[in-house]
Amino acid sequence: MIYLIIAIACSAGVFVVMRLFERFHLDNHQALSWNYLVASAIGFLSCGQHITVGEIVGEPWFKLSILTGFWFIFTYLLMARSTQRSGVTVTSLSSKLSVVLPTIAGVVLFHERISLTAGIGILLALVALVLVIGGGKKGTSGATALKEGRHWVVVLLPVLIFFGTGIGDILMKLTEQLNKADDMTFMIAFIYFVALLFGVVIVAYDMVTGKSKWAWKNALGGLVLGLVNFFSTFNIYQAMRVFDNVVLFPVYNIGVVGLTALIGLALFKERLTWKNYLGMAIALVAVILITFKP
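This one's a predicted model, so the numbers in the text were calculated from it and none came from an experiment.

Reading the values: the criteria
Residues numbered from 1 in each chain as written. Predicted model: local features only at pLDDT ≥ 70, side-chain atom pairs only at ≥ 80, totals over all residues. Heavy atoms only, no water. Helix = DSSP H or I, 4+ residues; strand = E, 2+ residues; numbered from the N terminus. Buried < 20%, exposed > 50% of the residue type's maximum accessible area, 1.4 Å probe, protein only. Contact = heavy atoms within 4.5 Å. Areas by Shrake-Rupley, 256 points an atom, 1.4 Å probe, with all protein chains shown as cover. Axes fitted to C-alpha atoms, helices over the stretch in contact; angles between N-to-C directions. Parallel < 35°, antiparallel > 145°, perpendicular 65-115°, else oblique. Left-handed = near helix turned anticlockwise from the far one by under 90°. Expected span 1.5 Å × (residues − 1). Core = buried A, V, L, I, M, F, W, Y, C linked by side-chain atoms within 4.5 Å. Phe/Tyr/Trp six-rings, centres within 6.5 Å; stacked < 30°, edge-to-face > 60°. Salt bridge = Lys/Arg side-chain N within 4 Å of Asp/Glu carboxyl O. Polar contact = N/O pair within 3.5 Å; in protein donor to acceptor, adjacent residues only side chain to side chain. 1 Å grid on protein atoms, 1.4 Å probe; cavity = no way out; pocket = protein on both sides within 12 Å on 5 of 7 lines; lining within 4 Å. Points joined across faces, edges and corners; volume = space filled by probe spheres on them. Nonpolar A, V, L, I, M, F, W, Y, C, P; charged D, E, K, R; others polar.

Enquirer: Now, about the overall build of the chain: what can you tell me, with residues and values included?
Expert: Assigned secondary structure in the chain consists of 13 helices and zero strands. Every one of the 294 residues in the chain was classed for burial, and the buried ones make up 51%. Sequence-distant contacts in the chain: of pairs separated by 6 or more residues, those separated by 24 or more amount to 90%. Roughly 14200 Å² of accessible area belongs to the chain as shown, and the carbon and sulfur atoms make up 71% of that amount.

In C-alpha cells form, the structure reads like this:
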C-alpha cells in the first residue's frame, strides 16, 4: 500500500511542480532538461548494471527507446505549458483519461479482446474530456488567456496532453515487451537520458538565439521535478507487483485526479465550473469501467 500512496503523491507532485514553474518564473526547457538529468542519473546509479555502448545498441528496445525518449520530453513540455495555462486539475484529468488510447491499441496492435464495459468506458471518457476542457476554467491563467484572445490555447493543450500521454503509454508498453530483462530500471534510465539529449539541444538553441539565459534557479526546479518524476515511476512499478491491475489503476488514476484537484483548489485557487465537475465525475466512472476486468 505504501508504494501506491507514494506513487499517487509523486504523480500529483509532478503536475504541482510544473505549475510552480510559472510562479517562480522558471524556464520550462531548462528545468525539464535538468529534470531528465536527475531522473536518468538516479536510474543509472540505482540499477547497478554496467552495459557497454555496443550492448545498448544491440538491445531490441534500443531504437524504440529513442523515439520514446523524444516523446517523453515532448509530452512533458506540453504538460508544463498546460498546467500553467489550463491548470493542474484539467491537465491531470486529460492525462489520466488517455488510458483510452492504450486500451484501443491493445485491441488493434496486441489483438486483445475488449469488453462491453470497457467500450462504454471509452465513450464516457471522450464525453468527459469534452466537458473537462470545454467547461471554461475560472483560474487566473485561464482567465488571462481568455482576455488575451487565446482561448484556443486553454482548449488545445489538454487535447494534446490526452493524445500525447496515451501515445507515450503505448510506446512504453512496446519497449516493455521488447525488454526481456527482469529489471527494467536501466532501460527507463536510458529513455530518460535520451530525453535529456533532446532537452540539451532545445536549451542550446534557445540560448544561441537569445530566447533564454542561463539561470541556476531552473536547475533547482529541475532537481525537484526529477526526484518526484523518478520516484513516481519507480513506485508505480513496485505497486504493480503487489496489486492486480484491476485494483491498481482505478485507485491510482482516481487518486491522482482527486489529489491534484484538491491541491489546485487549495494552492492555486483553481475554481472549476459545473461542467468541469461533471466531467470529473464521468471521468472517474470511465477509468473504472475501462480498467475493470470481470
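Enquirer: Account for the packing of helix 2 (residues 28-47) against helix 11 (residues 216-240), naming residues and giving values.
Expert: Their axes nearest at 7 Å, the elements helix 2 and helix 11 cross at an angle of 45°. Between helix 2 and helix 11, the angle falls in the class oblique. By crossing handedness, the relation of helix 2 to helix 11 is classed as right-handed. Taken together, the residues of helix 11 that come into contact with helix 2 (itself represented by Q30, A31, L32, W34, N35, Y36, V38, A39, I42, G43 and S46) are W216, N218, A219, G222, L223, L225, G226, L227, N229 and F230.

Enquirer: Tell me about helix 10 (residues 185-208), and please be specific about residues and values.
Expert: With 24 residues, helix 10 should reach 34 Å at 1.5 Å per residue; the first-to-last C-alpha distance of 34 Å fits that figure. One or two positions beyond helix 10, positive phi appears at G210, with a value near 80°.

Enquirer: Any chance you could break down the nonpolar core for me, citing the residues and the numbers?
Expert: M18 and Y36 are the most contacted members of the largest nonpolar core, which has 51 residues in total. Only helix 1 (2-23), helix 2, helix 4 (62-85), helix 9 (151-178), helix 10, helix 11 and helix 12 (245-268) provide two or more residues apiece to this core. Counting residues per element, this core draws most heavily on helix 1, which supplies ten residues. Dropping the residues within four chain positions of it, M18 is found in contact with L32, Y76, M79, A80, T83, Q84 and L225. Core analysis: the second largest hydrophobic core is formed by 21 residues, V99, L131, I170 and A261 among them.

Enquirer: Describe the packing of aromatic side chains, naming the residues involved and giving the relevant values.
Expert: Overall, the coordinates contain 18 aromatic pairs when judged by the stated rule. With a centroid separation of 6.4 Å and 65° between ring planes, the pair formed by F44 and F193 is classed as edge-to-face. Taken together, the positions of F44 in helix 2 and F193 in helix 10 put the pair 149 residues apart, joining distant regions of the chain. Judged by its relative accessible area of 28%, F44 is partly exposed. With centroids separated by 5.9 Å and ring planes inclined at 40°, the aromatic side chains of F62 and F190 adopt a geometry described as tilted. Taken as a pair, F62 in helix 4 and F190 in helix 10 lie far apart in primary sequence, 128 residues in all.

Enquirer: Please give an account of the pattern of salt bridges that cites residues and values.
Expert: This model, assessed by the stated rule, comprises one salt bridge. One salt bridge connects E22 with R19, and the closest N-O pair in it is separated by 3.2 Å. With E22 and R19 both in helix 1, this residue pair falls three residues apart, about one helical turn. Owing to a relative accessible area of 26%, E22 belongs among the partly exposed residues under this scheme.

Enquirer: Any chance you could break down the environment of T260 for me, citing the residues and the numbers?
Expert: Structurally, T260 is set in helix 12. Distance from T260 to G13, taken between C-alpha atoms, is 8.1 Å for residues 247 residues apart in sequence. T260 has contacts with A12, F15, V88, T89 and S92, leaving out every residue within four places of it along the chain. Side-chain polar atoms of T260 contact the side chain of S92, separated by 2.8 Å. A distance of 2.8 Å separates a polar atom in the side chain of T260 from the backbone oxygen of V256.

Enquirer: Any details on unusual backbone geometry? Residues and values, ideally.
Expert: For H25, which is not a glycine, the phi torsion comes out positive at approximately 55°. Position of H25 relative to the elements: it lies in the loop between helix 1 and helix 2.

Enquirer: Which residues make up empty space enclosed by the protein, and what are the values?
Expert: Applying the stated criterion to the full structure yields three cavities of 30 Å³ or more. Counting only elements with at least two residues in the lining of the second largest cavity, the list comes to helix 5 (88-97), helix 12 and helix 13 (274-291). Of the residues contributing to the lining of the second largest cavity, the split by class is seven nonpolar, one polar and one charged.

Enquirer: Which residues make up the environment of T103, and what values go with them?
Expert: Structurally, T103 can be placed in helix 6 (residues 100-108). For T103, a relative accessible area of 18% puts it in the buried group. Each C-alpha atom, one on T103 and one on G119, is 9.4 Å from the other, the two residues being 16 residues apart in sequence. Not counting residues within four places of it along the chain, the set of residues in contact with T103 comprises I114, I122 and I290.

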